[in-house]
Amino acid sequence: MALHWHLLTRIVLAGGLSLLAVLAYALYQSHSLAQRNAVEVADGVARQLETQLLLIESGLGRGSSFPDFELWKQAGGQAGTCLAYLPQAGGTPRSLCYGGKPIARNWPSGFESLYRGLFQPGLPVARSVRHQGAVFGVLSFTASAETEIAAAWHNVCDLATLSAVTLFAVCGLVYWNVRRALRPAQTIVRGLGALASGELAHRLPGFELDEWRRIGIAVNALAESQQQLLAQRRRLAAKLIQLQEDERRYLARELHDEFGQCLAGINAVASSVRFAAAERAPELAAEAEQIGEIAGGMLQRLRGLLQRLRPAELETLGLAASLHSAVTDWNRRDAGKTVYRLQVAGDCRRLTDDQALALFRIAQECQTNIARHAAASNVALVLQIEEARASLQIRDDGAARELPFAGSGLGLLGMRERVAALNGEFSLAIAEPHGLQVAVSLPLAPAAAAQ
């Protein structure tokens, strides 16, 4: 709409300038016509006086009647015009003004002032009256300034009316045609906005004008290329995440089978040594007990590491139970420094294995970041399973007051890649009054299809 008003303003401005140019030309033409008429009258009367001198010289005329302006008077001069004759050799000057019907002053005073300032109407036109090769006298003709102004005003009004109607029609046609030609620009702008917002499946329609059609083809090709690159990136991210999970499963299995059994064996041997030392070498019982405690602590930490590498509840009990177990463990480890609260709404069984694992890993990563950097007192985790989407929101009241820089840590990048691989949405915002808020949204298949 702004483009249309901008275009209309330019067209009207161009039309207005054209109209002013036409009116200026009309004024100039009107003044030129008045000057030509004055020159023609002066030349005609001068020839009449020269004819009268010839008739007087041949005895066919009376010298006392010279100069005779009757022919000019009978021809009907314009109101306010005057003739004046000045003899060259001395004598009595003669003049005659034609009254006629007065001119109706129906033009604005501003127009008269402008016209008089530009052209100075009513200036006399002088012509020499010659007889026998010598100047016999000088004839002066003065046209009516009011008559010239009235004619100019009449011409300007007529031409302005015609020009205004013509320019209005032309401007309307130009505006309609240009607006019709530029209409695809709005479609292209909307299409580019859709692509910028992430709707890479959006395509521009075909256009009639060749230039617009080429632009549409180029934009569609770019969108197709970006869509393919995004799809390849998502497939690569999903493959890398799968490889990462396989590696975690392998490490968890190896740690459980090798180190777990070794630590359990050390703990059993330490218990046996402690019982044997109690009878034979009491001084060794304390060391044996200490070895058992160290082995037990290492085994406990190994179990926590195995839980992070491969959460057993996630595969057997589901996401909700795994999150409840994790939150309980986090509250136990932080001993009241940070209180974690979990709220689950909806049926988590509608999630695919990849979606459930992604949400659990994101919750783990957020907890790690909060424990390391946030200095938060309260953390709220809200998991909601709706008809079409699953959303996870994690909000803390930590010290953060501005968002971390993009790429400031591998944790945020990993969360974004997990969500992108599942065609979801990830956002990070500052909570009020301080702290961070992580929001994840994943699309779900219809309930019937999921069953």
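Just so it is clear, the model here is predicted, and its values are computed rather than measured. (Residues numbered from 1 in each chain as written. Predicted model: local features only at pLDDT ≥ 70, side-chain atom pairs only at ≥ 80, totals over all residues. Heavy atoms only, no water.)

Engineer: I'm lost on the overall build of the chain in this one. Help?
Structural biologist: Across its full length, the chain holds 11 helices and nine strands. For the chain, with 451 residues in total, the buried portion stands at 32%. Within the chain, counting contacts between residues at least 6 apart in sequence, those at least 24 apart form 66% of the total. (Helix = DSSP H or I, 4+ residues; strand = E, 2+ residues; numbered from the N terminus. Buried < 20%, exposed > 50% of the residue type's maximum accessible area, 1.4 Å probe, protein only. Contact = heavy atoms within 4.5 Å.)

Engineer: I keep staring at helix H3 (residues 109–119) and nothing clicks. Help me out?
Structural biologist: An α-helical segment advances 3.6 residues per turn. Residues three or four places apart therefore align on the same side. Every buried residue belonging to H3 is among Phe 111, Glu 112, Tyr 115 and Phe 119, and all of these are buried. Axial view of H3: buried residues confined to an arc of 100°, hence all on one face. With respect to the buried face of H3, the exposed residues turned more than 90 degrees away are Ser 109, Ser 113 and Gly 117. (Arc of directions from axis to C-beta.)

Engineer: Would you explain the nonpolar core in this entry?
Structural biologist: It is characteristic of soluble globular proteins that their nonpolar side chains tend to be buried jointly. Grouped together as the largest cluster of nonpolar side chains are 36 residues, with contacts concentrated most on Leu 319, Leu 351 and Val 440. For this core, the secondary-structure elements that each account for two or more residues are helix H8 (319–334), strand S5 (339–345), helix H9 (353–374), strand S6 (378–385), strand S7 (389–396), helix H10 (410–421), strand S8 (425–430) and strand S9 (436–443). The element contributing the most residues to this core is H9, with nine residues. Val 125, Val 129, Phe 141 and Ala 143 belong to the second-largest nonpolar core, a separate cluster that totals 15 residues. (Core = buried A, V, L, I, M, F, W, Y, C linked by side-chain atoms within 4.5 Å.)

Engineer: Would you explain the sheet that holds S7 in this entry?
Structural biologist: Through backbone hydrogen bonds, the strands of a sheet pair up, either in parallel or in antiparallel fashion. What the five strands build is an open sheet, ordered S5-S6-S7-S9-S8; its pairing is mixed. Taken across any chain shown, the strands that pair with only one partner, and hence form the sheet edges, are S5 and S8. Geometrically, the sheet is characterised by an average inter-axis angle of 10° between neighbouring strands, direction not taken into account. Here six bridges tie S8 to S9, and the two strands are oriented antiparallel to one another. (Pairing = 2+ DSSP bridges. Axes fitted to C-alpha atoms, helices over the stretch in contact; angles between N-to-C directions.)

Engineer: What is the right way to read the pattern of salt bridges from this model?
Structural biologist: Opposite charge on two side chains lets them pair, provided their charged atoms get close. A full pass over the atoms with the stated rule returns seven salt bridges. Where Asp 347 meets Arg 349, a salt bridge forms, and the shortest distance between an N and an O atom there is 3.0 Å. Looking at Asp 347, the relative accessible area reads 33%, which means it is partly exposed. Note on Arg 349: relative accessible area 74%, which makes it exposed. Several salt bridges converge on common partners, so that one network encompasses Glu 112, Arg 116 and Glu 146. (Salt bridge = Lys/Arg side-chain N within 4 Å of Asp/Glu carboxyl O.)

Engineer: In this structure, what is going on with the packing of aromatic side chains? I would like to understand it.
Structural biologist: Two numbers describe a pair of aromatic rings. These are the distance of the centres and the angle of the planes. Within the structure shown, the criterion is met by four aromatic pairs. Taken together, Phe 111, Tyr 115, Phe 119 and Trp 153 form an aromatic cluster joined through their ring pairs. (Phe/Tyr/Trp six-rings, centres within 6.5 Å; stacked < 30°, edge-to-face > 60°.)

Engineer: Which parts of the structure should I look at to understand the sheet that holds strand S4 (residues 134–142)?
Structural biologist: As summarised here, the arrangement of the four strands in space is S2-S1-S4-S3, forming an open sheet in which the pairing is antiparallel. In the strand order of this sheet, the two ends are held by strand S2 (94–98) and strand S3 (125–131), each with one partner. Neighbour to neighbour, the strand axes of the sheet diverge by 20° on average, direction disregarded. Pairing of strand S1 (residues 81–87) with S2 involves five bridges; the strand directions are antiparallel. What sits directly across from Leu 83, in S2, is Leu 96.

Engineer: Explain the pairing of S4 to me, please; I cannot follow it from the model alone.
Structural biologist: Along a regular strand, successive side chains alternate from one face of the sheet to the other. Pairing between S1 and S4: six bridges, direction antiparallel. Each residue of the ladder has a partner; that of Leu 86, found in S4, is Val 138. Relative to S4, S3 is paired through seven bridges, and the arrangement is antiparallel. Looking at the pairing, Val 125 lines up with Phe 141 of S4. As consecutive antiparallel partners, S3 and S4 are separated by two residues, and within that stretch Gln 132 has a phi angle of approximately 55°, a positive value.

Engineer: Got a minute to help me understand the packing of H3 against helix H4 (residues 145–196) in this structure?
Structural biologist: In a packed pair of helices, the relevant descriptors are the angle between the two axes and the axis-to-axis distance. Two elements in contact, H3 and H4, have axes whose closest approach is 11 Å; the angle formed by their N-to-C orientations is 110°. Taken together, the axis directions place H3 and H4 in an arrangement best described as roughly perpendicular. Crossing geometry of H3 relative to H4 is assigned as right-handed. Within the contact between the two elements, H3 uses Phe 111, Glu 112, Tyr 115 and Arg 116 and H4 uses Ala 145, Glu 146, Glu 148, Ile 149, Ala 152, Trp 153 and Val 156. The residue makeup of the contact of H3 with H4, split by class, is seven nonpolar, no polar and four charged. (Parallel < 35°, antiparallel > 145°, perpendicular 65-115°, else oblique. Left-handed = near helix turned anticlockwise from the far one by under 90°. Nonpolar A, V, L, I, M, F, W, Y, C, P; charged D, E, K, R; others polar.)

Engineer: Please explain the environment of Gly 172 as it appears in this structure.
Structural biologist: Considering the arrangement of structural elements, one finds Gly 172 in helix H4. For Gly 172, a relative accessible area of 35% gives the class partly exposed.

Engineer: Looking at this structure, I do not really get unusual backbone geometry. What am I missing?
Structural biologist: Where the residue is not glycine, phi is negative for most of them; where a peptide bond is considered, it is trans in most cases. Glu 432 connects to Pro 433 through a cis peptide bond whose omega is 0°. Counting through the fold element by element, Pro 433 comes out in the loop between S8 and S9. Despite not being glycine, Ala 375 shows a phi value in the positive range, around 55°. Note that Ala 375 resides in the loop between H9 and S6.

Engineer: Help me understand H9, please; the structure alone is not making it clear to me.
Structural biologist: Relative to the 32 Å expected for 22 residues at 1.5 Å per residue, H9 spans 30 Å between its end C-alpha atoms, a close match to the ideal helical length. Positive backbone phi, at 55°, marks Ala 375, one or two positions downstream of H9. (Expected span 1.5 Å × (residues − 1).)

Engineer: Looking at this structure, I do not really get the environment of Ala 237. What am I missing?
Structural biologist: Note on placement: Ala 237 falls in helix H5 (residues 210–280). Spatially, the C-alpha atoms of Ala 237 and Ala 421 are 5.7 Å apart, while their sequence positions differ by 184 residues. Residues contacting Ala 237, with those up to four places away along its chain left out, are Glu 417 and Ala 421.

Engineer: Is there a simple way to explain the side chain of Glu 148 in this structure?
Structural biologist: Positionally, Glu 148 belongs in helix H4. Lacking a salt bridge, the buried Glu 148 has Arg 116 as its closest oppositely charged neighbour, with an N-O distance of 8.6 Å. (Lys, Arg positive; Asp, Glu negative; His and termini not counted.)

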